[in-house]
Amino acid sequence: MPIASIATSTDGGLYAWITELAQRTPAVVDSAIRIWSDYGLVLFALLMLASWWRSRSTDPARTVMALCAPLVVVAAYLANDLVKSLFHEQRPCRTLHVVTVEACPALGDWSFPSNHAAIAAAAATAIWLADRRLAAIAVPAAVLMAASRVWIGVHYPHDVLIGLVTGALVAWLLTTAARRGAPAVVRLRSTALRPLVATR
């Protein structure tokens with residue numbers, strides 16, 4: 001069975017219901033969700049920056065995890081994009097006859113799994129391991145990012161679900177491994193690079 005047929009039969013009905021609901025929702029709400037979906041990843045960059053800043057006064061393990069968070073997110077994106085390149089699932093807005101909040105991406109811009117969801121989940125997981133307080137913002141934001149991708153019509157629900165799982169799994173493994181760099185942070189705290197890893 002073609003990938004498009006499998007995707008449609010998996011949760012095409014749920015996707016169609018969500019996009020139809022979006023059409024009955026006030027335009028101002030749709031616009032807010034679209035803006036969040038398109039630009040909300042900036043929030044995760046700011047949260048990672050805040051996590052690093054706050055980690056400088058904590059134990060070295062948390063500091064190194066916060067420092068590695070951007071690299072972890074890049075690795076999660078690359079892993080997710082590799083999966084995407086293997087499946088070549090067409091966007092649901094190209095397969096199903098629905099009206100969507102956002103214009104459908106071009107042909108060849110594959111749908112499964114969602115890069116936005118993977119990036120958000122990776123950032124949220126890395127932040128959760130380094131700073132639980134900031135994670136109270138990052139984790140719900142990641143879920144909202146994933147949901148927004150379906151709402152605006154560019155992904156099936158399973159696209160964002162697998163994107164979340166992929167991003168979280170990669171981030172969990174790499175961020176946990178990064179804890180081994182704690183001794184390096186300890187050494188840096190006695191060098192000219194101290195401001196990078198410690199407060200005064």
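The present account deals with the structure reproduced in this document.

Let's talk about the overall build of the chain
Phase 1 of the analysis: Check the secondary structure of the chain and you find 10 helices and 0 strands.
Phase 2 of the analysis: Across the chain, helices and strands are ordered from the amino to the carboxyl terminus as α-α-α-α-α-α-α-α-α-α.
Phase 3 of the analysis: Dimensions along the principal axes, computed over C-alpha positions, put the chain at roughly 60 × 40 × 25 Å.
Phase 4 of the analysis: For the chain, the residues scored as buried account for 46% of the 200 residues in total.
Phase 5 of the analysis: Here the analysis covers contacts within the chain between residues at least 6 apart in sequence; of these, 80% occur between residues at least 24 apart.
Phase 6 of the analysis: Accessible area of the chain: about 10100 Å², with a carbon and sulfur share of 70%.
Phase 7 of the analysis: If you average the places of the 17 positive and of the 11 negative side-chain charges in the chain, the two averages end up 17 Å apart.

Let's talk about the packing of helix α7 (residues 132-151) against helix α8 (residues 157-178)
Phase 1 of the analysis: Contact geometry of α7 with α8 gives a least axis separation of 8 Å together with a crossing angle of 155°. Taken together, the axes of α7 and α8 are roughly antiparallel relative to one another. Viewed along their axes, α7 and α8 form a crossing whose handedness is right-handed. Note on element contacts: α8 touches α7 through P157, V160 and L164, opposite A142, A146, R149 and V150.
Phase 2 of the analysis: Its residues placed into classes, the contact of α7 with α8 shows 6 nonpolar, no polar and 1 charged.

Re a nonpolar patch on the surface
Phase 1 of the analysis: Taken together, the side chains of W128, V139, L169, W172, L173 and L174 define a hydrophobic patch exposed on the protein surface, amounting to about 550 Å² of accessible area.
Phase 2 of the analysis: Examining the composition of the nonpolar patch, we find that 4 residues originate from one element, α8, more than from any other.

Remarks on the nonpolar core
Phase 1 of the analysis: Within the largest apolar cluster, 22 residues are counted, with the highest numbers of intra-cluster contacts made by F44, M48, V73 and I127.
Phase 2 of the analysis: Contributing elements (two or more residues each) for this core: α3 (41-55), α4 (60-87), α6 (115-130), α7 and α8.
Phase 3 of the analysis: The dominant element in this core, judged by the number of residues it contributes, is α6, at 7 residues.
Phase 4 of the analysis: Ignoring any residue separated from it by four or fewer positions in sequence, one finds I127 in contact with F44, L47, M48, R132, L134, A135 and A138.
Phase 5 of the analysis: Grouped together as the second largest cluster of nonpolar side chains are 11 residues, L96, A117, A146 and V150 included.

Brief notes about the environment of V74
Phase 1 of the analysis: With respect to the helices and strands, V74 occurs in helix α4.
Phase 2 of the analysis: Classification of V74 by relative accessible area gives partly exposed; the value is 47%.
Phase 3 of the analysis: In this structure, the C-alpha to C-alpha distance between V74 and V101, residues 27 residues apart in sequence, is 28 Å.

Quick look at the pattern of salt bridges
Phase 1 of the analysis: Summed over all chains, the structure comprises 5 salt bridges.
Phase 2 of the analysis: Here D131 makes a salt bridge to R54, at a shortest N to O gap of 2.6 Å. Here D131 is found in the loop between α6 and α7, whereas its partner R54 is found in helix α3, with 77 residues between them in sequence.
Phase 3 of the analysis: A residue is classified by how much of its surface remains accessible, and R54, at 36% relative accessible area, is partly exposed.
Phase 4 of the analysis: Of the charged contacts in the structure, one is a salt bridge between D59 and R62, with a shortest N-O distance of 3.6 Å.
Phase 5 of the analysis: Under the relative-accessibility criterion, R62 is labelled partly exposed at 28%.

So, how was this worked out
Residues numbered from 1 in each chain as written. Predicted model: local features only at pLDDT ≥ 70, side-chain atom pairs only at ≥ 80, totals over all residues. Heavy atoms only, no water. Helix = DSSP H or I, 4+ residues; strand = E, 2+ residues; numbered from the N terminus. Buried < 20%, exposed > 50% of the residue type's maximum accessible area, 1.4 Å probe, protein only. Contact = heavy atoms within 4.5 Å. Areas by Shrake-Rupley, 256 points an atom, 1.4 Å probe, with all protein chains shown as cover. Lys, Arg positive; Asp, Glu negative; His and termini not counted. Charge placed at Lys NZ, Arg CZ, Asp CG, Glu CD. Axes fitted to C-alpha atoms, helices over the stretch in contact; angles between N-to-C directions. Parallel < 35°, antiparallel > 145°, perpendicular 65-115°, else oblique. Left-handed = near helix turned anticlockwise from the far one by under 90°. Nonpolar A, V, L, I, M, F, W, Y, C, P; charged D, E, K, R; others polar. Patch = residues over 30% accessible without salt bridge, like charges linked within 9 Å, V, L, I, M, F, W, Y side chains within 5 Å. Salt bridge = Lys/Arg side-chain N within 4 Å of Asp/Glu carboxyl O. Core = buried A, V, L, I, M, F, W, Y, C linked by side-chain atoms within 4.5 Å.

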